[in-house]
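# Fold and contact review
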There are 2 protein chains.
Amino acid sequence: MEQLTDKQHEILTFIADYLRDHQSAPAIREIADHFGFSSPKAATDHVNALVRKGYLLKVAGISRGLRLTADAEELVRGDEGIPVVGDVAAGLPILAIEHIQGFLDMNAMFGNRKGLYAVRVRGNSMVNAGIHDGDHVIVRQSPMIENGAIGVAYVEGDATVKRIYRDGKSVRLVPENDAMDPIVIDETCPDFSVGGQVVGVVRNVR
Amino acid sequence: MEQLTDKQHEILTFIADYLRDHQSAPAIREIADHFGFSSPKAATDHVNALVRKGYLLKVAGISRGLRLTADAEELVRGDEGIPVVGDVAAGLPILAIEHIQGFLDMNAMFGNRKGLYAVRVRGNSMVNAGIHDGDHVIVRQSPMIENGAIGVAYVEGDATVKRIYRDGKSVRLVPENDAMDPIVIDETCPDFSVGGQVVGVVRNVR
DNA sequence: TTTTATACTAATCATATTGACAGTATGTAT
DNA sequence: ATACATACTGTCAATATGATTAGTATAAAA
């Protein structure tokens with residue numbers, strides 16, 4: 001990747017910030033105004049340099065048609081998620097690229113995001129499964145659920161997270177807590193429904 | 001929130017999709033072309049209706065100045081993350097807007113993402129804190145850590161997640177597992193360092 | 001029955017915006 | 001010395017775009 005001058009980097013950053021804040025690229029004259037240029041040509045020259053070096057694209061024929069290339073997004077941002085680092089060899093900084101095994105991207109890690117929702121868990125009925133009071137469980141919305149999987153059940157209007165076992169006639173909602181007992185409900189009960197299967201847990205510590 | 005007609009919903013969806021795919025709003029004429037209108041006025045009318053009903057904003061004086069309001073973003077549910085739903089009243093579909101309390105956005109929920117990294121946890125030394133084998137812990141990189149907080153320690157090149165207590169002379173790495181004992185290390189040990197404080201846990205179930 | 005909202009066609013106007021032309025000046029690599 | 005990239009000023013034509021005026025038709029609400 002070709003090196004950018006300080007000025008070009010400034011201008012690329014301005015364009016990226018503008019795109020993030022305005023959901024739209026700046027006009028050439030807005031770039032010129034921002035940097036105090038009295039001619040749009042000055043901004044055009046910088047933009048053309050950035051296009052030539054592979055950091056910008058110009059969508060021809062439309063207003064505000066500047067777009068960042070993937071390289072530019074990498075340079076100015078880093079929206080791939082949170083880096084996952086592996087074992088750390090002595091001496092190397094933790095976030096050195098050598099350690100990065102991938103990225104945690106919540107928009108991808110639980111599969112197709114359509115049909116996912118999250119519920120905040122209240123109570124400690126699932127502590128043995130590592131689900132604590134205040135955690136969010138990620139749920140794939142579906143009345144079908146693997147037998148014995150952890151899911152969200154709606155009983156009389158209340159949402160509850162439990163292991164769900166069905167045998168055709170009755171449903172057992174089994175907590176993962178030694179101090180609590182399973183709940184058994186008739187399958188045909190009108191006040192019962194399954195909201196979906198838990199596919200993830202997210203916790204904000206403290 | 002005022003109800004949208006089918007046509008208005010279609011047009012709002014088109015605008016939202018266009019914004020996502022092009023990093024820019026469509027021009028009025030592009031909306032008209034997409035729907036086969038022979039006059040831009042038809043698209044203008046729909047857009048004005050959406051503005052009046054609170055789903056769109058027009059940034060005056062610029063090209064491609066259409067923006068989605070928060071309500072519209074909720075309606076078309078773009079990239080804000082996974083919706084968090086609250087209590088569910090009988091009859092209403094789970095993902096109805098009425099239930100949505102917010103969105104889980106990993107890029108925002110742990111604070112400034114700069115300096116965050118994730119480590120996959122091996123072993124069960126922290127099960128009592130709800131951190132299980134295979135979980136990812138989100139770590140805020142810093143050698144400073146609240147006394148007694150859960151953090152990542154590097155001991156002889158290995159990363160380990162423990163509660164970390166320091167008293168100036170020695171460091172105690174305390175597991176959250178009744179079957180395991182604390183490790184005590186001299187503060188001056190050259191093979192020891194703190195990687196950061198755990199601020200979150202993310203688990204992919206099954 | 002009258003009004004109001006929806007859903008358009010057709011044509012025109014004003015302005016936002018880009019792109020190009022014609023220069024100047026400075027520093028750097030060959 | 002002679003290219004060449006950078007870093008600008010100033011102006012103008014062409015086109016992209018939003019906004020408006022004038023009108024048609026349908027259906028629902030007052």
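Below: a short report on this structure. Since the structure is predicted, the reported quantities are computational estimates derived from the model, not experimental observations.

Glancing now at the side chain of K162 of chain B. Residue and element names in this part refer to chain B. Tracing the backbone through its elements, the reader meets K162 in strand β8 (residues 158–166). Side-chain polar atoms of K162 contact the side chain of T160, separated by 2.7 Å. Beyond its immediate chain neighbours, meaning those up to four positions away, K162 contacts S125, M126, A149, I150, G151, L173, V174 and P175.

For the rest of this paragraph, the subject is the packing of aromatic side chains. Within this structure, the stated rule accounts for 6 aromatic pairs over all chains. Arranged with centres 5.7 Å apart and planes meeting at 80 degrees, the rings of F14 of chain B and F35 of chain B form a pair that is edge-to-face. Residue F14 of chain B is located in helix α1 (residues 6–22), and its partner F35 of chain B is located in helix α2 (residues 28–35); the two are separated by 21 residues in the primary sequence. We note that F14 of chain B, like F35 of chain B, is buried. Counting every residue linked through ring pairs, the aromatic cluster contains F14, Y18, F35 and F37 of chain A.

So, on to the protein's contact with DNA strand C. Around DNA strand C, 22 residues are found, and the nearest of them are I28, R29 and R64 of chain A together with D45 and R52 of chain B. The sugar and phosphate moieties of DNA strand C supply 66% of its atoms located within 4 Å of the protein. Here H46 of chain B contributes a side-chain N or O atom positioned 3.2 Å from a phosphate oxygen of DNA strand C. Note that a phosphate oxygen of DNA strand C is positioned 2.8 Å from one of the backbone N or O atoms of S63 of chain B. The set of elements that each furnish at least two residues to the surface near DNA strand C consists of α2 (28–35) of chain A together with α1 and α3 (40–52) of chain B. With 5 residues, the top contributor of residues to the surface near DNA strand C is α3 of chain B. Taken together, the residues of the surface near DNA strand C break down into 5 nonpolar, 8 polar and 9 charged.

Turning next to the protein's contact with DNA strand D. Every one of the 24 residues lining DNA strand D counts as a neighbour, but S39, D45 and R52 of chain A together with I28 and R64 of chain B are closest to it. At 2.6 Å, a side-chain N or O of R52 of chain A approaches a phosphate oxygen of DNA strand D. At a separation of 2.9 Å, a phosphate oxygen of DNA strand D approaches a polar backbone atom of S63 of chain A. Contributing elements (two or more residues each) for the surface near DNA strand D: α1 (6–22) and α3 (40–52) of chain A together with α2 of chain B. Counting residues per element, the surface near DNA strand D draws most heavily on α3 of chain A, which supplies 5 residues. Of the residues assigned to the surface near DNA strand D, the class counts are 6 nonpolar, 8 polar and 10 charged.

Residues and elements named next belong to chain B. Locating E2 in the fold gives a position in the segment before α1. Sequence separation between E2 and Y55 is 53 residues, and the spatial gap between their C-alpha atoms is 9.3 Å. Residues within four places of E2 in sequence aside, it is in contact with R52, K53 and Y55.

Okay, the pattern of salt bridges next. Residue and element names in this part refer to chain A. On inspection of all chains with the given rule, the structure shows 8 salt bridges over all chains. A salt bridge links E176 to R163; the shortest N-O distance between them is 2.5 Å. Taken together, the residues span a long stretch of sequence, with E176 in the loop between β9 (170–174) and β10 (183–186) and R163 in strand β8 (residues 158–166) at a distance of 13 residues. What makes R163 buried here is its relative accessible area of 17%.

Topologically, I131 of chain A is positioned in the loop between β5 (116–120) and β6 (136–141). Along the backbone, I131 of chain A and V121 of chain A are 10 residues apart, and their C-alpha atoms lie at a distance of 7.9 Å.

What counts, and where the lines are drawn
- Sequence order sets the numbering: in each chain, residues are counted from 1 along the sequence as written.
- Just so you know, chain letters begin at A and ligand numbers begin at 1, following the order they were written in.
- With pLDDT at 70 or above as the cut-off, local features in this predicted model cover only qualifying residues; side-chain atom pairs require 80 or more to be listed or tallied, and sums for whole chains, interfaces and linings still use all residues.
- Only hydrogens and water are set aside when side-chain values are computed; all heavy atoms of the structure are taken into account.
- Numbering of helices and strands runs from the N terminus, with a helix taken as a DSSP run of H or I at least four residues long and a strand as a DSSP run of E at least two residues long.
- Any N or O atom pair separated by 3.5 Å or less is treated as a polar contact, with the protein-specific requirement of one donor-capable and one acceptor-capable atom, and with residues adjacent in sequence counted only for side-chain atom pairs.
- Whether two residues are in contact is decided by their heavy atoms, any of which lying within 4.5 Å being enough.
- Put simply, two rings from Phe, Tyr or Trp (the six-membered ring, in Trp's case) pair if the centres are within 6.5 Å, and we call them stacked under 30 degrees between planes, edge-to-face over 60, tilted for the rest.
- The buried label goes to any residue with under 20% of its type's maximum accessible area, the exposed label to any with over 50%, and the partly exposed label to all in between, with areas taken from a 1.4 Å probe on protein chains only.
- Nearness here has a simple test: a residue counts as near a molecule or strand if at least one of its heavy atoms is within 4 Å of that partner.
- Residues are sorted three ways: Asp, Glu, Lys and Arg are charged, Ala, Val, Leu, Ile, Met, Phe, Trp, Tyr, Cys and Pro are nonpolar, and all the rest, Gly among them, are polar.
- Every case where a carboxyl oxygen of Asp or Glu lies within 4 Å of a side-chain nitrogen of Lys or Arg is listed as a salt bridge.

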